[in-house]
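The primary structure of each chain is shown beneath.
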Amino acid sequence: MAGVSLIKTEKMYSNGFTAVKGLDLEIDQGEFMVLIGPSGCGKTTILRMISGLEEPTRGEIWIGKRRVNKLAPKKREISLVSQNHELYPHMTIYENIAFPLKMKGISKDEIEGRVKEFSEKLGIEGILSEKPKGVTGEERQLAAIGKALVTGAKVVLFDDPLSNLDVRVRGRVGTRIKVLHQELKESGQGVTMIYATQERFEAMKMGDRICFLDQGNIVQLDTPSNLYNYPLSGSTEDLVNFSTERL
Ligand SMILES: Nc1ncnc2c1ncn2[C@@H]1O[C@H](COP(=O)(O)OP(=O)(O)OP(=O)(O)O)[C@@H](O)[C@H]1O
């Protein structure tokens, strides 16, 4: 397991726009951290810096005991799930989930065991021989989550992964991710999950803690119950009021 720390992390894009402003954020190992905030507040930029797809302009990023500012994405032991499921259309669901393990040179038997384990945990064992276009959007996204987790990544990043699904399906897949996080923790394989969303109900339901962002700054960082009891600003009051109406 590995925690993630951002220390005075800043991102200025080449056009001079600063999307993330001197962020201090410590995510514990095995934690489920939700990043929430309006469009453009910097959620994707933060995830891209943690995964290594963007380099911070200033500050530090640590994954576990390693300072990763200059470390290649592949060496960070991180997976990223986005709203576009990123499955290869010509491969079956099984082949897609197995693909990152195959790339690592893992034996066929071990691949089989791991794909079986994760597909059962995600309830998609019945669609393994299908191609992505032959299954539902929900199943495709679950397969993408399986592909992200099967490698044994210590940190999994989710960039608004459910935004293309309708609201009922969204709730179901969100619950599955949360349950899976808990099951992995209980089985000693805990994974740190960092989950970006604009959905307030999702944030309150899923996060161990919620980091509320606005214009590249943290507005409030706390547990759902503390946010509920002690909202520090109009934005966090909004988050709590809207979400609890639906609880
Ligand atoms: N490559 C880039 N060059 C310049 N500005 C960028 C670049 N990428 C993102 N931005 C800007 O940085 C800000 C933060 O963008 P980011 O995608 O991180 O926000 P977000 O919170 O993930 O938004 P959303 O919820 O809409 O995905 C936005 O104002 C965006 O326009």
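Structural notes, computed from the coordinates.

Calculation notes
- Residues numbered from 1 in each chain as written.
- Predicted model: local features only at pLDDT ≥ 70, side-chain atom pairs only at ≥ 80, totals over all residues.
- Heavy atoms only, no water.
- Helix = DSSP H or I, 4+ residues; strand = E, 2+ residues; numbered from the N terminus.
- Rg over C-alpha atoms; globule rule 2.2 N^0.38 Å.
- Buried < 20%, exposed > 50% of the residue type's maximum accessible area, 1.4 Å probe, protein only.
- Contact = heavy atoms within 4.5 Å.
- Areas by Shrake-Rupley, 256 points an atom, 1.4 Å probe, with all protein chains shown as cover.
- Lys, Arg positive; Asp, Glu negative; His and termini not counted.
- Charge placed at Lys NZ, Arg CZ, Asp CG, Glu CD.
- Pairing = 2+ DSSP bridges.
- Axes fitted to C-alpha atoms, helices over the stretch in contact; angles between N-to-C directions.
- Phe/Tyr/Trp six-rings, centres within 6.5 Å; stacked < 30°, edge-to-face > 60°.
- Near = heavy atom within 4 Å.
- Polar contact = N/O pair within 3.5 Å; in protein donor to acceptor, adjacent residues only side chain to side chain.
- Nonpolar A, V, L, I, M, F, W, Y, C, P; charged D, E, K, R; others polar.
- Core = buried A, V, L, I, M, F, W, Y, C linked by side-chain atoms within 4.5 Å.

Assigned secondary structure in the protein consists of eight helices and ten strands. The C-alpha atoms of the protein give a radius of gyration of 18 Å, which matches the 18 Å a tight globule of 247 residues would have. Over its C-alpha atoms, taken along the principal directions, the protein stretches across nearly 50 × 45 × 35 Å. With 247 residues in all, the protein has 49% of them scored as buried. For the protein, the share of sequence-separated contacts (at least 6 apart) that also reach a separation of at least 24 residues comes to 68%. Summing over all exposed atoms, the protein offers an accessible surface of approximately 12,000 Å²; the carbon and sulfur share of this is 49%. Charged side chains of the protein number 34 positive and 33 negative; the gap between the two group centres comes to 5 Å.

Sheets are built from strands that pair by backbone hydrogen bonding, the pairs being arranged parallel or antiparallel. Taken in spatial order, the four strands of this open sheet run β2-β1-β4-β5, and their pairing is antiparallel. The outermost strands of the open sheet, each flanked by one partner alone, are β2 (18-27) and β5 (66-67). When strand β1 (residues 4-12) meets β2, the two strands line up antiparallel, connected through six bridges. Within the sheet, the bridge partner assigned to Thr9 lies in β2 and is Leu23. Lying on the sheet, helix α1 (residues 43-51) is in contact with β1, β2 and β4 (58-63); it crosses β1 at an angle near 115 degrees.

Moving on, we get to the packing of aromatic side chains. Scanning the entire structure with this criterion turns up three aromatic pairs. For the pair Tyr88 and Phe99, a centre-to-centre distance of 5.2 Å together with 75 degrees between the ring planes defines the contact as edge-to-face. Linking Tyr88 in the loop between β6 (78-82) and α2 (93-103) with Phe99 in helix α2, this pair joins segments that are eleven residues apart in sequence. With relative accessibility at 33%, the residue Tyr88 sits in the partly exposed group.

We now examine the site of the ligand. Lining the immediate surroundings of the ligand are 13 residues, of which Ser39, Gly40, Lys43, Thr44 and Thr45 lie closest. Gly42 has a polar backbone atom sitting 3.0 Å from an oxygen atom of the ligand. Protein contact buries 63% of the 630 Å² of open area that the ligand shows by itself. Considering every element that reaches the shell around the ligand, the biggest residue donor is α1, with three residues. Across the shell around the ligand, the residue classes break down as five nonpolar, seven polar and one charged.

The next subject is the nonpolar core. Counting 44 residues, the largest nonpolar core has Leu149 and Ile177 as the members making the most contacts within it. Per-element accounting of this core gives the leading share, six residues, to helix α4 (residues 137-149). Setting aside residues up to four positions removed in sequence, Leu149 forms contacts with Phe118, Val156, Leu180, Leu184, Val191 and Met193. Formed by 25 residues, the second largest nonpolar core is a distinct cluster that contains Ala2, Val4, Val68 and Val155.

With that settled, consider the sheet that holds strand β9 (residues 209-214). Strand order in the open sheet formed by six strands is β6-β7-β8-β3-β9-β10, and the pairing between neighbours is mixed. Sheet topology places β6 and β10 (217-222) at the edges, where each strand pairs with a single neighbour. Averaged over all neighbouring strand pairs, the angle between strand axes comes to 15 degrees, with direction disregarded. Strand direction decides the pairing type here: β6 and strand β7 (residues 155-159), joined by five bridges, are parallel. Bridge pairing in β7 places Ile78 opposite Val155. Strands β3 (32-36), β6, β7, β8 (192-197) and β9 of the sheet are contacted by α1, whose axis makes an angle of about 150 degrees with β7. The sheet strands contacting α4 are β6, β7 and β8, and the helix crosses β6 at an angle near 170 degrees.

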